[in-house]
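Spelled out from the first residue to the last, the chains are:
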Amino acid sequence: MTRDDGGTAALTTIVMLPLLLVVLVGVLELGALRAVAYRAGAAADLATIVAVGDQDQIELAHSGKLRLAADAADVARDYFARNLSATAPALAASATAIAASADIASFPTTPSFDPRTGARYDRPTVRLIASVPVKTPGFAALLMPAITTVTIRSTSSPR
Amino acid sequence: MKKRTALLLSLILVLSSISANAREPLEDEWLIPAPPVPDPVAFVVPSGLYYVTDTYVADVVATSDATTIYSTTTVHESTGTYARVIDSVDTGASSAFDGMAFNGRGALTNGQALAGTYYENFVLTAGGYVPVSIVFFQDDSETKRRQAVSSLGAAAKPTASPAAVVTTTSPVPVVTTTRPRDAIAPPSIMPQASIQPAPRTVRTGISLSPDGPTLASAEVLRGRLVQFWPRVFIDNVDVPIRSWRLLSAQPDHISASTGSTQPLAAQWIRMPVPGVSWSLRFEVYSEVSPTERLEAEISVMLRSPALVD
């Protein structure tokens, strides 16, 4: 290496270092966001599964058919809040507030159609759609939004 | 020497012989049969007993022209009691149960006792069937000749009147015709066929609650403990179960394979092949006919909560 080559390398490093840091921070934040979204989706899945397990026992004794309990949507909302609380530090709102604003619908009779998604359900179904605000400080450092909203969806039925 | 040796060998052979271990074909026939095990629940059921589905209301005497009919009205309801026929009597015949029926036994206009049937009523207690009362179902008629051509106008319409209330013990008052008659003639008695209990219709089923409807099939969630109640209906009236036994055994966990008043609690853990349903089959004995074997069955479709794509 000559004296001139060494100056070129230092200059290149100084120029490229910010770009490398931007890419590094972006990748890390994107990974963290994906992990939080995955955990929120799992919380929604478990909530709808629990709600589907909440069956109307009187109707079962009367007709032998599984039909969702009248409070299935409330059960799903309650368990969604409970499950989300494990991810609370990464969320930009409280788990209870997120669950309260979630669009949760139960379809106790079949066949039924979901007016929001247009899906047809042939079994008693609980559907959950929620917007989960996630803190993204890494994006904020890069002059991007400090909060990123992730939309999750979950649907369960007895099969 | 040879004789001694042969004798010694024979002696050794005889002494060292053992009985063969072959099976004796007639061995089983010599076994003394075990004494029969008595029924753990010694329940004496009077012969001819049946579950009451039509209850006595009142004695009725109806008059049409010259014929007077003595009958009994009933109402189709079950009071949870049982009954049996203890005597059927013809007109004028005496019975050992005369004077014992709470509604008494009426008489024709000539004083002869009415034909009919005596029933003895029972209630089922923990100690067995206890007789509580005797009732007489009158079933008779008589015809009288007209004394003269009536000048009173149109013929009288048939009339009927309940003659006694359920709790009365007095003889049934008789309503006779008010039309004039040509001559008094001995009544011609037309004994009716004695009252026979109607054929029973027995129906069995399984319900998911003690008083719920019986179901041919039921959807069951995996892992959920579900109670199955064997039921017996006689003439569409729910009768108590004496015992049940599970004939099929698909559930992973069951509370018991036999029972009486308690239901079967069953739980499935393993899922069947998609599209396949299981069935629970019971052998049932009712309190009304403890010796009659009945079967009840329900189809079970096992389901599990799952995510939908």
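As the structure is a computational prediction, the values presented were derived from the model and not from experiment.

Considerations on a nonpolar patch on the surface
Right, so step 1: Where nonpolar side chains cluster on the molecular surface, the patch consists of A:Leu11, A:Val15, A:Met16, A:Leu17, A:Leu19, A:Leu20, A:Leu21, A:Val23, A:Leu24, A:Val27 and A:Leu28 and spans about 1,100 Å² of accessible area.
Right, so step 2: Looking at the secondary structure, you find A:Leu19 in helix H1 (residues 3-52).

Focus: the side chain of A:Ser156
All names here are of chain A.
Right, so step 1: Inspection of the secondary structure puts serine 156 in strand E5 (residues 147-158).
Right, so step 2: For serine 156, a relative accessible area of 0% gives the class buried.
Right, so step 3: Here threonine 48 takes part through its side chain, which lies 2.8 Å from a polar atom of the side chain of serine 156.

A few points about the interface of chain B and chain A
Right, so step 1: On the side of chain A, 21 residues touch chain B, which itself brings 16 residues to the contact.
Right, so step 2: At the boundary of chain B with chain A, total buried surface from both sides reaches about 1,600 Å², with 55% on carbon and sulfur atoms.
Right, so step 3: Across the contact surface, chain B and chain A share 0 salt bridges.
Right, so step 4: Across the chain B-chain A interface, the total number found is 7 residue pairs in polar contact (both at pLDDT 80 or more).
Right, so step 5: Contributions of two or more residues to the side of chain B that touches chain A are made by strand E11 (217-221) and strand E20 (305-307) of chain B.
Right, so step 6: Residue contributions to the side of chain B that touches chain A peak at 4 residues, all from E11(B).
Right, so step 7: Partitioning the side of chain B that touches chain A into residue classes produces 10 nonpolar, 3 polar and 3 charged.

Quick notes on the side chain of A:Thr155
Right, so step 1: Mapped onto the elements, A:Thr155 comes out in strand E5.
Right, so step 2: Those residues within four positions of A:Thr155 in sequence are excluded, and the remaining contacts are A:Thr48, A:Tyr121, A:Thr125, A:Val126, A:Arg127, B:Ala306, B:Leu307 and B:Val308.

Structural notes on the environment of B:Phe282
Right, so step 1: Relative to the helices and strands, B:Phe282 resides in strand E18 (residues 278-286).
Right, so step 2: As for B:Phe282 and B:Ala296, which are separated by 14 residues in sequence, their C-alpha atoms are 5.1 Å apart.

Examining the sheet that holds E20(B)
Right, so step 1: Taken in spatial order, the 4 strands of this open sheet run E1(A)-E4(A)-E5(A)-E20(B), and their pairing is antiparallel. Edge positions in the sheet fall to strand E1 (103-107) of chain A together with E20 of chain B, since each of these pairs with one other strand and no more. Each neighbouring strand pair of the sheet contributes to a mean axis angle of 25°, computed without reference to strand direction.
Right, so step 2: Bridge count between E1(A) and strand E4 (residues 125-135) of chain A: 5 bridges; the pairing is antiparallel.

Topic: the pattern of salt bridges
Right, so step 1: This structure, assessed with the given rule, holds 16 salt bridges over all chains.
Right, so step 2: Through salt bridges with shared partners, one network takes in B:Arg245, B:Arg281, B:Glu283, B:Arg293 and B:Glu295.

Remarks on unusual backbone geometry
Right, so step 1: Following A:Thr110, the chain continues into A:Pro111 via a peptide bond in cis, with omega recorded as -10°.
Right, so step 2: Topologically, A:Pro111 is positioned in the loop between E1 and strand E2 (112-113).
Right, so step 3: Of note in this structure, B:Asp235 is not a glycine but carries a positive phi near 55°.
Right, so step 4: For B:Asp235, the location among the structural elements is in the loop between strand E12 (226-234) and strand E13 (237-239).
Right, so step 5: Positioned with a positive phi, B:Asn236 is a non-glycine residue whose angle comes to about 65°.
Right, so step 6: With respect to the helices, strands and loops of the structure, B:Asn236 is situated in the loop between E12 and E13.
Right, so step 7: With relative accessibility at 61%, the residue B:Asn236 sits in the exposed group.

Cut-offs applied
Residues numbered from 1 in each chain as written. Chains lettered and ligands numbered in written order. Predicted model: local features only at pLDDT ≥ 70, side-chain atom pairs only at ≥ 80, totals over all residues. Heavy atoms only, no water. Patch = residues over 30% accessible without salt bridge, like charges linked within 9 Å, V, L, I, M, F, W, Y side chains within 5 Å. Areas by Shrake-Rupley, 256 points an atom, 1.4 Å probe, with all protein chains shown as cover. Salt bridge = Lys/Arg side-chain N within 4 Å of Asp/Glu carboxyl O. Helix = DSSP H or I, 4+ residues; strand = E, 2+ residues; numbered from the N terminus. Buried < 20%, exposed > 50% of the residue type's maximum accessible area, 1.4 Å probe, protein only. Polar contact = N/O pair within 3.5 Å; in protein donor to acceptor, adjacent residues only side chain to side chain. Contact = heavy atoms within 4.5 Å. Buried area = accessible area lost by both parts, 1.4 Å probe. Nonpolar A, V, L, I, M, F, W, Y, C, P; charged D, E, K, R; others polar. Pairing = 2+ DSSP bridges. Axes fitted to C-alpha atoms, helices over the stretch in contact; angles between N-to-C directions.

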